[in-house]
Amino acid sequence: MINIYRHCRAILIFYRAYCIPAFMITLFCCYGARIASVAQIQDHKEFYGIMMFIAPFFWIKTITNILMLLYLIQFKAHERFFYANLGIRRGELWIITFLMDYMVFFMAVYLTGLSLKLTLIYP
Amino acid sequence: MNKLEIDSVTLEFGGKRILSDIYMRFESGKVTGILGRNGSGKSCLLRIIFGTLQAQYSNIRFNGRAIFKPYRYPEKIRYMPQESFIPKYLKLKTIFELYGCNLQVFKNDFPEYGKDRNKPFGQWSFGQKRLVETYIILKSASEFVMLDEPFSYLMPVHVEKLKEIIRIEKAGKGILITDHLYHDLLDITDELYMIADGGSLPIRDPGELTTYGYIS
């Protein structure tokens, strides 16, 4: 049980290293999707949902995540021993933090869409 | 008694053979030292044992059973690399908690760390960082620990204290050390190997270091 706690804590520590720039990019993507949705509403007088415009922003998010990963590999390579000594594989570290980051991303996109919908219902 | 053996380790970089058919055996309750010239492959050997460097061929056995990617088992082996490996933004409390070490005992041993308890790790001096890194690896619950140049950058009084801790810790684990400060190493090792020309040579007498050209 203690090991699982330490494991999770170490993964959160790794995520902390890049969560601020990752979150800024998420906010940028949400803002972009919102602008595109508003433009579509003005053109067609109807809201089809924010997810219609998410594809390009999803790829922006993915590419920037990969770039951040490459930065970590290049400039923080020795930190891998900190996690390896806790029994955490590099792949495991990246996959879990990517999943967490995408969860934050989709949650932020959902909330952006919801706020836009509420703005239309209650202008 | 736990036993760690490495066998037939062969490492090449770009066609140049660095390590060739290395055999070493480490036991719990003993401190084993590895000496060698710069670039002889000592650090590479430790990384091969830890599983983070892929050799052309290697066979690592814990108590006679082959083990792959040993770093997946921190209860069996831990490794301190030459470079600082702890994220800079962490505080001592977090680091010690993650590695299951007692921060209060550490502060009793090294009182100068008690003053700035909330200082991020990156703000300590290199020597202070080195000491923390060596300490957490040494004190963590693991059957074997490997320390790559633990005495470098430490002030003499800390080296003496660290040697004292190593002598205490070896009762419960196998300790593998490589360092160029060979006087300090000779002081604490029970067994000594030297890596020369890609091979491993057991050193039974410090005089052999002169014979092999490590010291003049």
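Up top is the structure these notes are about.
These lines cover the structure that appears in this document, whether it is placed above or below. (Residues numbered from 1 in each chain as written. Chains lettered and ligands numbered in written order. Predicted model: local features only at pLDDT ≥ 70, side-chain atom pairs only at ≥ 80, totals over all residues. Heavy atoms only, no water.)

**Section: the overall build of chain B**
A tally of regular secondary structure across chain B gives seven helices and ten strands. Against the compact-globule benchmark of 17 Å for 216 residues, chain B has a radius of gyration of 17 Å, which places it among compact chains. Along the longest, intermediate and shortest principal axes, the C-alpha atoms of chain B span 50 × 40 × 35 Å. For chain B, with 216 residues in total, the buried portion stands at 54%. Pairs at least 24 apart in sequence give 67% of the contacts found in chain B among residues at least 6 apart. (Helix = DSSP H or I, 4+ residues; strand = E, 2+ residues; numbered from the N terminus. Rg over C-alpha atoms; globule rule 2.2 N^0.38 Å. Buried < 20%, exposed > 50% of the residue type's maximum accessible area, 1.4 Å probe, protein only. Contact = heavy atoms within 4.5 Å.)

**A look at the overall build of chain A**
Of regular secondary structure, chain A possesses five helices and zero strands. Its helices and strands in sequence order give chain A the pattern α-α-α-α-α, from N to C terminus. A compact globule built from 123 residues would reach a C-alpha radius of gyration of about 14 Å, whereas chain A, at 18 Å, exceeds it by more than 25%. By principal-axis analysis of the C-alpha atoms, chain A measures approximately 55 × 30 × 20 Å. A buried classification covers 39% of the 123 residues belonging to chain A.

**Focus: the packing of aromatic side chains**
A complete count under the given rule lists 27 aromatic pairs over all chains for this structure. Taken together, the ring pairs connect Phe 14, Tyr 15, Tyr 18, Phe 82 and Tyr 83 of chain A together with Tyr 99 of chain B into an aromatic cluster. The lysine or arginine in question, Arg 80 of chain A, covers the ring of Phe 81 of chain A, its NZ or CZ lying 6.0 Å from the ring centre. The aromatic ring of Trp 124 of chain B is capped on one face by Lys 119 of chain B, whose charged end is 4.4 Å from the ring centroid. (Phe/Tyr/Trp six-rings, centres within 6.5 Å; stacked < 30°, edge-to-face > 60°. Lys NZ or Arg CZ within 6 Å of the ring centre and 35° of its normal.)

**A closer look at the pairing of strand β7 (residues 144–148) of chain B**
All names here are of chain B. Across the five residues of β7, five count as buried, placing the element largely inside the fold. Of the two faces of β7, both are covered, the one formed by Phe 144, Met 146 and Asp 148 as well as the one formed by Val 145 and Leu 147. Bridging between strand β6 (residues 77–80) and β7 involves four bridges; their strand directions are parallel. Within β7, the position partnered with Ile 77 by the bridge is Phe 144. Note on the crossover from β7 through helix α5 (residues 156–169) to strand β8 (residues 174–178): the handedness is right-handed. (Pairing = 2+ DSSP bridges. Right-handed = clockwise from strand over helix to strand, strands pointing away.)

**Section: the nonpolar core**
Residues Leu 45 and Phe 96 of chain B are the most contacted members of the largest nonpolar core, which totals 100 residues. Sequence-distant contacts of Leu 45 of chain B, that is, excluding residues within four places in its chain, are made with Ile 6, Val 9, Leu 19, Ile 22, Met 24, Ile 34 and Ile 195 of chain B. (Core = buried A, V, L, I, M, F, W, Y, C linked by side-chain atoms within 4.5 Å.)

**A short note on helix α4 (residues 126–139) of chain B**
Each α-helix winds once per 3.6 residues, and so residues spaced three or four apart point in a common direction. All names here are of chain B. The terminal C-alpha atoms of α4, which comprises 14 residues, lie 20 Å apart, in line with the 20 Å expected from a rise of 1.5 Å per residue. α4 sits mainly inside the fold: eleven of its 14 residues count as buried. Within the span of α4, buried status applies to Gly 127, Lys 129, Arg 130, Leu 131, Val 132, Glu 133, Thr 134, Tyr 135, Ile 136, Ile 137 and Leu 138. Of the surrounding secondary structure, the elements contacted by the buried residues of α4 are β6, α2 (92–98), α3 (103–109), β7, α5 and β8. (Expected span 1.5 Å × (residues − 1).)

**Remarks on the side chain of Asp 148 of chain B**
All names here are of chain B. Tracing the backbone through its elements, the reader meets Asp 148 in strand β7. Buried within the structure, Asp 148 lacks any salt-bridge partner; Arg 47 is the closest side chain of opposite charge, at an N-O distance of 5.6 Å. Polar contacts involving the side chain of Asp 148 include one to the side chain of Ser 43, which spans 2.7 Å. Setting aside residues up to four positions removed in sequence, Asp 148 forms contacts with Ser 43, Leu 46, Tyr 79, Met 80, Pro 81, Gln 82, Arg 130 and Thr 178. (Lys, Arg positive; Asp, Glu negative; His and termini not counted. Salt bridge = Lys/Arg side-chain N within 4 Å of Asp/Glu carboxyl O. Polar contact = N/O pair within 3.5 Å; in protein donor to acceptor, adjacent residues only side chain to side chain.)

**Examining the pattern of salt bridges**
Residue and element names in this part refer to chain B. The full count for this structure, using the stated rule, is 20 salt bridges over all chains. Ionic pairing is found between Lys 163 and Asp 184, a salt bridge with its closest N-O pair at 2.9 Å. Taken as a pair, Lys 163 in helix α5 and Asp 184 in helix α6 (residues 182–188) lie far apart in primary sequence, 21 residues in all. Assessed through its relative accessible area of 2%, Lys 163 is described here as buried. Since its relative accessible area comes to 17%, Asp 184 is described here as buried. In this structure, Lys 163 engages Asp 187 in a salt bridge whose closest nitrogen and oxygen atoms are separated by 2.9 Å.

**Thoughts on the sheet that holds β7 of chain B**
All names here are of chain B. Taken together, six strands build an open sheet; the order of strands is β6-β7-β8-β3-β9-β10 and the sheet is mixed. A strand with exactly one partner marks an edge of an open sheet, and here the two such strands are β6 and β10 (199–203). Going from strand to strand, the sheet's axes swing by 20 degrees on average, the running direction of each strand aside. For strand β9 (residues 191–196) and β10, the ladder comprises five bridges, and the chain directions are antiparallel. Within β10, the position partnered with Ala 196 by the bridge is Gly 199. In the packing of helix α1 (residues 42–50) onto the sheet, contacts are made with β3 (31–36), β6, β7, β8 and β9, and the angle to β6 comes to roughly 150 degrees. (Axes fitted to C-alpha atoms, helices over the stretch in contact; angles between N-to-C directions.)

What is shown is where atoms sit, not what they do.
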